[in-house]
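Single-letter residue listing:
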Amino acid sequence: MPIINKIKRIFIRHFMELRWQGVVIALLSYVGLSYFFLYLSGETDLLSLPDFAYWLVVTASTVGYGDFSPQTPAGKLAVSVFVIPFGLSLFALFVGRVAVFASYHWKKGVKGLKQLDCANHILVIGWNERRTPHLIRLLLREQLGSEETRQVVLCAKADIENPMPEEIGFVKVESYNNDAQMSMACLESASTIIIDAPEDDVTMTAALYCASRNKDAHMIAYFNDDNLSRLLKVHCPNIECTPSVDVELLAKSAMHPGSSVLHQDLLNVQDGMTQYSIRYPAEAKSVPLRNLFLPLKERYDAILIAVGDGKGAVTLNPPMDHTVAPGTTIYYIADERIDGLDWEKLCV
């Protein structure tokens, strides 16, 4: 037995260093040798398929149902000396290898080192410890009840791990213009790109780079400096620049008390009335705004506040005779998102 134990230790040590090809070869060799030893022992009842495969797995895993067992002395010796000891070692080590492999790839994903496979997703570029987690939660909450749910992917340079590994994808990069690393986040196939870096110059660089690699995505960039946002609009007019409005809210609240609370409620998707948007169908007929305004309020308790032309221009509080053309974006305030509208019935 000491010799067998020594052989097992050597076998285990070398097995742990094997690549997956070696593991497969070891398993196939074990199956072949087990069949050969049983054949030499005259165990014909155990050699037919699928009985042999079933018996070998049950025996190697030590489950041992007892419905099949060797009958000859040579067969019992072969099972005792080879099939069970080596089978148990192979079974345990193979399961361990699979567990380590799965754990490795899970940790790789948490650390942001794994190539993602996604499309039509929302890509958030940049990390702000205070603002970004809240932004991601809002993006996830905004999609509740929506007919189309898109994956959220975070791309950051900060030394962090995935803050929400069960809910979002994560890619860690050294810079926001590294081709290989940004491709891991599937930059070219993102439908929406939100850029919110801690420094405005980094936001500017990332925005120009993303615009060069994905011209079709809806892109939003957050700036503290309005001058940089205007400069970016000169080079990339389709990018939606969102400036900081903290000072404006202070002034509004000073002159019109409660304004900051009002704006916060309109942006908060957790509770109460919130601003949403919906696209007027491209196949629908043009109608005056009054044909939508009252039905939206009466049937859905929603207030139409603005319309967009689909190219970035928004008309706030349009007149009742304003023509709503096919493809127009309609902005409204409601308690919940409105999906699946029957526009023909609504306009009647």
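Overview of the structure. Bear in mind the structure is a predicted one, so any value in this text is a computation, not a measurement. (Residues numbered from 1 in each chain as written. Predicted model: local features only at pLDDT ≥ 70, side-chain atom pairs only at ≥ 80, totals over all residues. Heavy atoms only, no water.)

### Considerations on the pairing of strand β9 (residues 303-308)
A regular strand places its side chains on the two faces of the sheet in alternate fashion.
Working step 1: The pairing of β9 with strand β12 (residues 329-334) spans five bridges and is antiparallel. Each residue of the ladder has a partner; that of Ile303, found in β12, is Ile333.
Working step 2: Pairing of β9 with strand β10 (residues 314-316), which is carried by three bridges, proceeds in the antiparallel orientation. Within β10, the residue paired with Val307 across the bridge is Thr315. (Pairing = 2+ DSSP bridges. Helix = DSSP H or I, 4+ residues; strand = E, 2+ residues; numbered from the N terminus.)

### Notes on the sheet that holds β12
Working step 1: Here we have four strands laid out as an open sheet, ordered β7-β12-β9-β10, and antiparallel in their pairing. Across the chains shown, the open sheet's two edge strands, defined by having one partner strand only, are β7 (274-279) and β10. Between one strand and the next, the sheet's axes are offset by a mean angle of 30°, whatever the strand orientation.
Working step 2: Where helix α11 (residues 290-300) meets the sheet, it contacts β9 and β12, and its direction lies at approximately 140° from that of β9. (Axes fitted to C-alpha atoms, helices over the stretch in contact; angles between N-to-C directions. Contact = heavy atoms within 4.5 Å.)

### Examining the packing of helix α7 (residues 200-213) against helix α8 (residues 226-235)
Working step 1: Two numbers describe how α7 lies on α8: the axes approach to 11 Å, and their chain directions differ by 10°. Of the possible angle classes, the one that applies to α7 and α8 is roughly parallel. For the pair α7 and α8, the crossing hand works out as right-handed. Between α7 and α8, the contacting residues are Asp200, Asp201, Met204, Ala207 and Leu208 on the first element and Leu228, Leu231, Leu232 and His235 on the second. (Parallel < 35°, antiparallel > 145°, perpendicular 65-115°, else oblique. Left-handed = near helix turned anticlockwise from the far one by under 90°.)

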